[in-house]
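Understanding the architecture of this molecule
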Amino acid sequence: MSTAQQLNEQFGIKDQLSFRDDASGLVIAEISNEQATASLCLQGAHLMTWQPKSQTLPVVWLSRDAKLVAGKSIRGGAPVCWPWFGAHATESSFPGHGFARTVPWQVIASGSESDGTTRLTLRLVASEKTKAQWPHACNFDLTVIVGETLRMEMSTENTGTEDFVIGEALHTYLQISDIGTVSVTGLENCDYWDKVGGSTMRKQDGAITFDGETDRVYINTSSTCVINDDKLKRRIHITKSGSQSTVVWTPWEEKANKMGDMGQPDGWREMVCVESVNAIENVVNVASGSKHTLSVEYRAESL
């Protein structure tokens, strides 16, 4: 894999994009332009932070106890779940949410856009281990465009001769004031699988509010979601395409305490996951020779 120095020579952008070697041995991309700052770990193509210059607090949440370890996912940011979401359908030994978030990726392009945003594109590096779990010929790329808004695009290109089916998600953690006071709108009247309530099917009645562990897969919805945060005086808008499921998740206190990396004692209160997903009945068939793209745009609105 390329070193930070090699990446800076090939893909660095003066006053916008640079790469550094972390003490963990992993390589981090640092983006800072006139509109925003962001950081991304090349392992997992894992966006860790994003903060528009217009905001006093980050919009993407990273645990204060997050650990960077080779082969392990990072707590917070925007983990990439692929090529399946949740547990593997048949192999219990395969990692939950797929392998994409814990394996090396390579930078394949970067650029400074005319609107002042910064673009970075990475491709998952296939290995014998990943091929043993996913024996399909394909390219899987992530493009991140950092500015006053954050745009993320996951593209799966089937380069083989047979169709295949994927599940996927951007498992994004968003920074909030307090989970007990925010609400999420945009999913009213949607059906969802309640993973806390024994995987039963329910229908959303009004805005989503939180008073305990929540793990819901909303299906057949491409709706824009809004996190309403009166204490921070802002709204976070999440607009997506190529995604027909939305997951809303908070671990709450008991589960967070068992995780050990949520930012003790109360880091879990300062985040909520609103994930852009294709899962369960919304998994995607990618035909031979075709490409599927899931795109999400995040925007913070000050009140």
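Once a new chain begins, its residue numbering starts again from 1 and follows that chain's sequence as written. In view of the model being predicted, local features appear only for residues whose pLDDT reaches at least 70, and side-chain atom pairs are presented and counted only at 80 or more, with totals across whole chains, interfaces and linings using the full set of residues. As a rule here, side-chain values come from all non-hydrogen atoms in the structure, and water together with hydrogens is ignored.

Attention now goes to unusual backbone geometry. Among all residues save glycine, negative phi is the norm, and among peptide bonds the norm is trans. Looking along the chain, the bond that leaves W82 and enters P83 is cis, with omega of 5°. With an omega of 0°, the peptide bond between Q264 and P265 qualifies as cis. Positioned with a positive phi, K233 is a non-glycine residue whose angle comes to about 55°. Helix and strand assignments follow DSSP, with helices taken as H or I runs no shorter than four residues and strands as E runs no shorter than two, numbered in order from the N terminus. As for its position among the elements, K233 is in the loop between β17 (225-229) and β18 (234-241).

This part covers the state of the cysteines. By convention in this document, the label disulfide applies to cysteine sulfur atom pairs within 2.5 Å. Under the counting rule described, the total for this entry stands at 0 disulfides. No disulfide involves C190; its sulfur sits 7.9 Å from the nearest other cysteine sulfur, which is in C225. Exposure remark for C190: the relative accessible area of 12% places this residue in the buried category. Exposure categories follow from relative accessible area, calculated using a 1.4 Å probe and restricted to protein chains: below 20% of the type maximum is buried, above 50% is exposed, and the middle band is partly exposed. In this structure C225 comes out as buried when scored by relative accessible area, which is 2%.

Further remarks concern the pattern of salt bridges. Counted as salt bridges are all cases of a side-chain nitrogen of Lys or Arg within 4 Å of a carboxyl oxygen of Asp or Glu. Scanning the entire structure with this criterion turns up 14 salt bridges. Among the salt bridges present, the one from E301 reaches R235, with a minimum N-O distance of 3.4 Å. Note that E301 is positioned in strand β22 (residues 291-302) and R235 in strand β18, a separation of 66 residues in sequence. Looking at E301, the relative accessible area reads 25%, which means it is partly exposed. Within this structure, R20, D22 and E30 form a network of salt bridges that share partners.

Within the secondary structure, H171 sits in the loop between β11 (168-170) and β12 (173-175). Given the relative accessible area of 8%, H171 is considered buried. Expressed as a C-alpha distance, the spacing of H171 and T246, which sit 75 residues apart in the sequence, is 9.8 Å. Leaving out residues up to four positions away in the same chain, H171 has contacts with G77, A78, P79, C81, H97, W249, C273 and E275. For this analysis, residues touch if any pair of their heavy atoms sits within 4.5 Å.

Counting 83 residues, the largest nonpolar core has F19, L47, W50, W105 and I227 as the members making the most contacts within it. Ranked by residue count, the leading element in this core is strand β20 (residues 271-278), at 5 residues. Contacts of F19, omitting those with residues within four sequence positions, involve A4, L7, N8, F11, G12, V27, I28, A29, L42, V107 and L120. Take the buried Ala, Val, Leu, Ile, Met, Phe, Trp, Tyr and Cys residues and link them wherever side-chain atoms come within 4.5 Å; each set so joined is a nonpolar core.

Okay, the sheet that holds strand β9 (residues 149-158) next. Only when DSSP finds a minimum of two bridges between them are two strands counted as paired. Here 8 strands make up an open sheet; going across it, the order is β6-β7-β8-β9-β22-β18-β17-β13 and the pairing antiparallel. Either end of the sheet is taken by a strand with one partner, and the two such strands are β6 (105-112) and β13 (183-185). Each strand axis lies, on average, 15° off the axis of its neighbour in the sheet, ignoring direction. Here 9 bridges tie strand β8 (residues 138-146) to β9, and the two strands are oriented antiparallel to one another. Within β9, the residue paired with V146 across the bridge is L150. Axis definition: a line fitted to C-alpha atoms, limited for helices to the stretch in contact. Angles are taken between N-to-C directions and run from 0 to 180 degrees.

Let us now look at helix α1 (residues 4-11). Those residues of α1 that fall on the buried side of the exposure criterion are A4, L7 and F11. Seen end-on, α1 carries its buried residues on one side only, within an arc spanning 60°. For α1, the exposed residues set more than 90 degrees away from the buried face come down to Q5, E9 and Q10. In this structure, the buried side of α1 is in contact with β1 (17-21), β2 (27-32) and β6. Picture the helix axis, draw a direction to every C-beta atom, and the arc is the one those directions span.

Everything listed here is a matter of geometry and, on its own, says nothing about what the molecule does.
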